[in-house]
Amino acid sequence: MVGKIDSFDKVIGHKSLITYIQHWIDTDTTPNVLLFHGNPGLGKSSIAKLLAIALTTDESTRKDAIENVIYNNRSTGSIKLFSMSKIQDKEEEIKKVSGELQMNFVNTKHKVLILDEAHEMSKVAQDSILVELEHLPEGLHVFICTTEINAFRPALVSRCKVLELHPLSENEARQLFNREVKERDLTFELQQGLASTLICGWAENQPRKIINLLDNFENHALVKTRELEVFINTVNSSSVIELVKYLYGSMPLGIEYIQSVKLDNTFVMMLIEVTKVAMGVSSNRLSLPDVQYIQSFMQDKDINKLLQFAIEVSGLSTLYKRRVISAFMRAHVDFKRAVPVNEVRTSAGADIQAVADNIEDKSAMIQRQEGVQGVTPVDMLFDQLSTVEV
């Protein structure tokens, strides 16, 4: 079934973790209590289920276990699945979990309880399970899956072998995307490399979000751009190129344009790609006409302006439009910092200089005596603008 991980070979990323797990399986040394921790959608419960199947089945029973546990999310005689978000502090349900930890098991060397969304457990439920964990019989395993390890009592965590799942890299997310697209026989109206960039960026490289998005399209379908726009921002390179043109053109029109554009990770990624091409670096995410246009447009332009804008925008923790506009204005070719008065060469300027010097001397003396804060220079005001929350 497409989108389901039914073997360790299909797990993308987490290589070190899978190596440890394979060693435990081969040597029959799997710890009794494992805690899988990581961000949502990384595959915690999927990996826990694969390990449970490996421990409790052989060649003759594995296929049925995969069908039940992986595809149908259903318990078997030796693998018990519990969604702790549904149990929370319900006394009868807590007793069921505790009861499974006490029951003997036959026809298998191992029995596994998988507690998913375990951070939803109440303190009462944690205390009840903690008591049972202290006296687990040999061959009985508890796999706890959570996104919030701080939600557990320290005593419970101390009895677990904690396994940390890290986010996929960009290359790993693209590998997952390409595999899913191939298995589903999907094609895109957009260039597939661009579709991969847009979808993986929108999903923040989370496997579940990538798979869930692709689930919206029928197998063998041609995914049109307008259909993709229902779910994600499909801002393309032409939108960013237009903004770059304003960076070297009209500042007011550029500000107005930013206000009309949707700003998200996709926008930032396309800005980085356009900047790379402007610097002479190849890109497999932009079309050849776009690459040629960027290279031609930037021939007589100061690349440092675009670099400054791209660096500031990509470094923003949150893409507030006011911050992006501030970065745009600072990087714009027409942005001039105030000319120092001592550079003025007219006679009137000399008079102004004398007055300014006198004011500066008095201002400095007043500040030394009274601790009065001076007027903030315009460049500092621009710097401060980028820190304003809206």
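The structure presented is a predicted model; accordingly, all values stated were derived computationally and were not measured.

What follows is about the side chain of Glu273. With respect to the helices and strands, Glu273 occurs in helix H14 (residues 265-278). Judged by relative accessible area, which is 3%, Glu273 ranks as buried. Setting aside chain neighbours within four positions, we find Glu273 in contact with Ser283, Arg285 and Leu286.

This next bit is on helix H9 (residues 192-202). Burial runs high along H9: 9 of the 11 residues are buried. Every buried residue of H9 is listed here: Gly193, Leu194, Ala195, Ser196, Thr197, Leu198, Ile199, Cys200 and Gly201. Where H9 is buried, its residues contact helix H8 (170-184), strand E6 (187-188), helix H10 (207-214), helix H11 (225-228) and H14. Positive backbone phi, approximately 55 degrees, marks Glu204, located one or two places after H9.

Attention shifts here to empty space enclosed by the protein. All chains considered together, the criterion is met by 1 cavity of 30 Å³ or more. What the largest cavity holds in volume is close to 50 Å³. Taken together, Ile241, Val244, Lys245, Val274, Tyr293, Ile294, Phe297, Met298 and Leu306 form the lining of the largest cavity. Going through the elements one at a time, helix H12 (237-247) and helix H15 (288-297) are the ones with two or more residues in the lining of the largest cavity. Residues belonging to the lining of the largest cavity are distributed by class as follows: 8 nonpolar, no polar and 1 charged.

As a further point, take the nonpolar core. Residues Phe177, Phe188, Ile199, Ile210, Phe309 and Val313 are the most contacted members of the largest nonpolar core, which totals 58 residues. In terms of residue count, H14 provides more of this core than any other element does, 7 residues in total. If we skip the residues at most four places from it in the chain, Phe309 touches Leu243, Leu247, Leu271, Val324, Ala327, Phe328 and Ala331. Of all hydrophobic cores here, the second largest spans 30 residues; its members include Ile5, Leu17, Phe36 and Ile114.

To continue, consider the packing of aromatic side chains. What the rule picks out here adds up to 7 aromatic pairs. For the pair Tyr248 and Phe297, a centre-to-centre distance of 6.1 Å together with 75 degrees between the ring planes defines the contact as edge-to-face. Residue Tyr248 is located in the loop between H12 and helix H13 (251-260), and its partner Phe297 is located in helix H15; the two are separated by 49 residues in the primary sequence. The same class applies to Tyr248 and to Phe297, which are both buried. An aromatic cluster is present here, built from Tyr248, Tyr293 and Phe297 joined pairwise through their rings. The ring of Trp202 has Lys209 lying over it, and the distance from NZ or CZ to the ring centre is 4.9 Å. The ring of Phe297 is capped by Lys301, whose NZ or CZ atom sits 4.2 Å from the centre of that ring.

With that settled, consider the side chain of His119. Relative to the helices and strands, His119 is located in the loop between strand E3 (111-116) and helix H6 (123-133). With sequence-adjacent residues up to four places away left out, His119 is seen in contact with Thr146, Thr147, Glu148, Ala151 and Phe152.

Reading the values: the criteria
- Every chain's residues receive numbers from 1 upward, in the order its sequence appears when written.
- The predicted origin of the model limits local features to residues at a pLDDT of at least 70 and limits the giving and counting of side-chain atom pairs to 80 or more, whereas totals for whole chains, interfaces and linings rest on all residues.
- With hydrogens and water excluded, all non-hydrogen atoms of the structure serve as input to the side-chain values.
- Helix and strand assignments follow DSSP, with helices taken as H or I runs no shorter than four residues and strands as E runs no shorter than two, numbered in order from the N terminus.
- A simple rule labels every residue: compare its accessible area, found with a 1.4 Å probe on the protein chains alone, to the largest value its type can have, and call it buried under 20%, exposed over 50%, or partly exposed in between.
- The contact criterion used throughout is that any non-hydrogen atoms of two residues lie within 4.5 Å.
- Each cavity reported here is a set of points on a 1 Å grid over the protein atoms alone in which a 1.4 Å probe fits but cannot get out, each pocket an open set with protein on both sides within 12 Å along at least five of seven lines, and each lining residue one with an atom within 4 Å of a point.
- Grid points are joined across faces, edges and corners, and a volume is the space filled by probe spheres set on the points.
- Charged residues are taken to be Asp, Glu, Lys and Arg, nonpolar residues to be Ala, Val, Leu, Ile, Met, Phe, Trp, Tyr, Cys and Pro, and polar residues to be all remaining types, Gly included.
- The definition of a nonpolar core used throughout is a set of buried Ala, Val, Leu, Ile, Met, Phe, Trp, Tyr and Cys residues joined through side-chain atoms within 4.5 Å.
- Here a pair means two rings of Phe, Tyr or Trp (six-membered ring of Trp) with centres within 6.5 Å. Their orientation is stacked below 30 degrees between planes, edge-to-face above 60, and tilted elsewhere.
- In this scheme, Lys NZ or Arg CZ marks a charge over a ring once it lies within 6 Å of the ring centre and within 35 degrees of the ring normal.

Any functional reading would require information that these geometric values do not contain.
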